[in-house]
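Coordinate analysis (summary)
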Amino acid sequence: MPEHVMAHFLEAVKNQEYGPFYSQMLSDEAHQAYERAGGEAVFVEWAEKNRKDLLVFLNRMGSNWSGSEVVTERVSALRMRYRLDRRNLPDIRFEVIEIINEHGGVRLALVR
């Protein structure tokens, strides 16, 4: 369930416990990109730098998951994009989260 990924990411950001999320919940694509850039330390640095904005974004997404503020798009057979309708939310920095189904589960592909 995509909500499951969002909930785990929110908890990781809230508690500043990124290691388990990095190793278990990132998609292969995202994990490989971070590994090329320097690994888990780069992911943690990004998450900490954007922590406040991520918390606002993830809380808003979570509270409106099935509401009118979240637009769902199928990117491919195994990848979904969830986008906040920013017309009503101009102050939120992040807008999109993509979840991919791989290895028998769902994982975070990207946040932007």
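The sections below set out a description of the structure shown in this document. (Residues numbered from 1 in each chain as written. Predicted model: local features only at pLDDT ≥ 70, side-chain atom pairs only at ≥ 80, totals over all residues. Heavy atoms only, no water.)

Some thoughts on the overall build of the protein
Here is the rule: Under the scheme used here, helices are H or I runs from DSSP no shorter than 4 residues and strands are E runs no shorter than 2 residues, and both carry numbers assigned from the N terminus. Only the C-alpha atoms count toward the radius of gyration. The rule for a globule is 2.2 Å times the residue count to the power 0.38. Think of it in three bands: with a 1.4 Å probe and only protein chains considered, a residue is buried below 20% of the maximum accessible area for its type, exposed above 50%, and partly exposed in between.
The secondary structure content of the protein amounts to five helices and four strands. Beginning at the N terminus, the succession of helices and strands in the protein can be written as α-α-α-α-α-β-β-β-β. The globule rule puts the C-alpha radius of gyration for 112 residues at 13 Å, and the 13 Å found for the protein is close to it. The C-alpha extent of the protein, read off along each of the three principal axes, is 35 × 30 × 20 Å. Within the span of the protein, comprising 112 residues, buried residues form 42% of the whole.

Section: the sheet that holds strand S1 (residues 70–76)
Adjacent strands of a sheet pair through backbone hydrogen bonds, lying either parallel or antiparallel. The line we're drawing: Should DSSP find at least two bridges between two strands, the strands are taken to pair. Here the axes come from fitting lines to C-alpha atoms, over the contacting stretch only for helices, and the angles between their N-to-C directions go from 0 to 180 degrees.
The four strands lie next to each other as S1-S2-S3-S4, forming an open sheet whose pairing is antiparallel. The open sheet terminates on both sides in strands that have one partner only, identified here as S1 and strand S4 (105–111). Each neighbouring strand pair of the sheet contributes to a mean axis angle of 25°, computed without reference to strand direction. Direction of pairing for strand S2 (residues 79–84) relative to strand S3 (residues 96–102): antiparallel, over a ladder of five bridges. By the bridge assignment for S3, Arg83 is matched with Val96.

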